[in-house]
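Commentary on secondary and tertiary structure
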Amino acid sequence: MKYLKSKKTIKLGVSSVHKEHLLYEGSWSNLVELSYEDEKKQIRKWEGLHRKNNAEAVIIIAKMEPSERYIVIRQFRPPINAYILEFPAGLVDSGETFEQTAIRELSEETGYIGEVKMISPRLYPSPGILSESVSFVHMRVDENLPENKRPVAQNEPGEFITVFEKSVFEISEFLSHELSQGVKFDAKLYSYFFAKGVLQFLPLD
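Attention here is on the structure that accompanies the text. (Residues numbered from 1 in each chain as written. Predicted model: local features only at pLDDT ≥ 70, side-chain atom pairs only at ≥ 80, totals over all residues. Heavy atoms only, no water.)

1. Let's talk about the overall build of the chain
Per the secondary structure count, the chain includes 3 helices and 11 strands. Seen in sequence order, the chain has helices and strands lined up from the N terminus as β-β-β-β-β-β-β-α-β-β-β-α-β-α. Referenced to the eigenvectors of the C-alpha coordinate spread, the extents of the chain come out at roughly 60 × 45 × 40 Å. Out of the 205 residues in the chain, the part that is buried amounts to 35%. Residue pairs at least 24 apart in sequence account for 55% of intrachain contacts in the chain once pairs closer than 6 positions are excluded. Surface exposure of the chain reaches about 13,500 Å², of which carbon and sulfur atoms provide 54%. (Helix = DSSP H or I, 4+ residues; strand = E, 2+ residues; numbered from the N terminus. Buried < 20%, exposed > 50% of the residue type's maximum accessible area, 1.4 Å probe, protein only. Contact = heavy atoms within 4.5 Å. Areas by Shrake-Rupley, 256 points an atom, 1.4 Å probe, with all protein chains shown as cover.)

Below is the structure:
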C-alpha cells in the first residue's frame, strides 16, 4: 500500500504524557488518570480508558459477490442500553494478524467465509477517552462458495447477533426503518454509507 509523501515537514507540538495513574481496574478495561504537558509546558490532568489485553480491533466491511450486498449486524450494546447496527468487528488476539482476526470474526459473527482485500492504517475512533485503535478490513465474500450458501454463525456466549445482507440501494430505507424501531447506529457504519452518497441525514431520534 502506497502513501503520498508530503513535501513539507509537519510541525507538531511538544505535548506528551508524563505519568499514568490507575484509578480503577475492571475485568476488561482500566480507567486511568493521565498527567501530560501541554504546548505551554503546563501540566494538566486527563482521564482515559485502556482495554486490558486487547488494544487493537478490526472493523470488517464485507461485500458479497456477485450480489454486491454488504454484511451488517445488529446486537445489544450494554453501555448505550440499546440495539445497534454496525459492521462485524472484533479484537485482535495475541499473536494474530489483522487479516487473521478479520477472517475469524466474520466467520464467528456471521458464518460467512471471506477473503481480505485491503486493510486501513490504525485509526482512533474516540481518542478523547479511549486509547484503542481500529483498522478497517475490506473483505470479499464469494456467495458461490458452498460454505457461504447456508452460513452458520458461531457466536460467543452472551452474543446474540442478527445478520443482514443489504445492497447500497436498500441501505437508506433499511436504516430509516431500524431507526423508527429504536435501533441506534455505529458511527463507522453510518459514516461509511454516508460517504458513499447513499444516505441522507436521518431525523433525530
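Resuming the write-up.
2. Topic: the sheet that holds strand E3 (residues 43–51)
Judged by pairing direction, the sheet is antiparallel, and its 3 strands sit side by side in the order E1-E2-E3 without closing on themselves. Only two strands of the sheet have a single partner each, and these edge strands are strand E1 (16–25) and E3. Taken over all neighbouring pairs, the strand axes of this sheet differ in orientation by 25° on average, direction set aside. Pairing of E1 with strand E2 (residues 29–37), which is carried by 8 bridges, proceeds in the antiparallel orientation. Within E2, the residue paired with valine 17 across the bridge is tyrosine 36. (Pairing = 2+ DSSP bridges. Axes fitted to C-alpha atoms, helices over the stretch in contact; angles between N-to-C directions.)

3. Topic: the packing of aromatic side chains
Inspection of every chain in the model, using the stated rule, returns 10 aromatic pairs. Summarising the aromatic geometry, the rings of tyrosine 192 and phenylalanine 193 are spaced 5.3 Å apart at their centres and angled 80° between planes, so their arrangement reads as edge-to-face. Assigned by exposure class, tyrosine 192 and phenylalanine 193 land together as buried. Within the aromatic cluster, the residues linked to one another by ring pairs are Tyr70, Phe87, Tyr192 and Phe193. (Phe/Tyr/Trp six-rings, centres within 6.5 Å; stacked < 30°, edge-to-face > 60°.)

4. Details of the environment of alanine 57
Looking at the secondary structure, you find alanine 57 in strand E4 (residues 56–65). When the C-alpha atoms of alanine 57 and serine 135 are compared, they prove to be 6.5 Å apart, with 78 residues separating the residues in sequence. Not counting chain neighbours up to four residues away, the residues in contact with alanine 57 comprise Gly90, Leu91, Val92, Glu132, Ser133, Val134 and Ser135.

5. Side note on unusual backbone geometry
Cis peptide bonds are those with omega within 30 degrees of zero, and the linkage from glutamate 65 to proline 66 qualifies with 15°. The backbone of glutamate 68 sits at a positive phi, close to 65°, despite the residue not being glycine. With respect to the secondary-structure elements, glutamate 68 resides in the loop between E4 and strand E5 (70–77). The class for glutamate 68 is partly exposed, based on a relative accessible area of 49%. At asparagine 81, a position not held by glycine, the phi torsion is positive, near 50°. Checked against the element boundaries, asparagine 81 lands in the loop between E5 and strand E6 (82–86).

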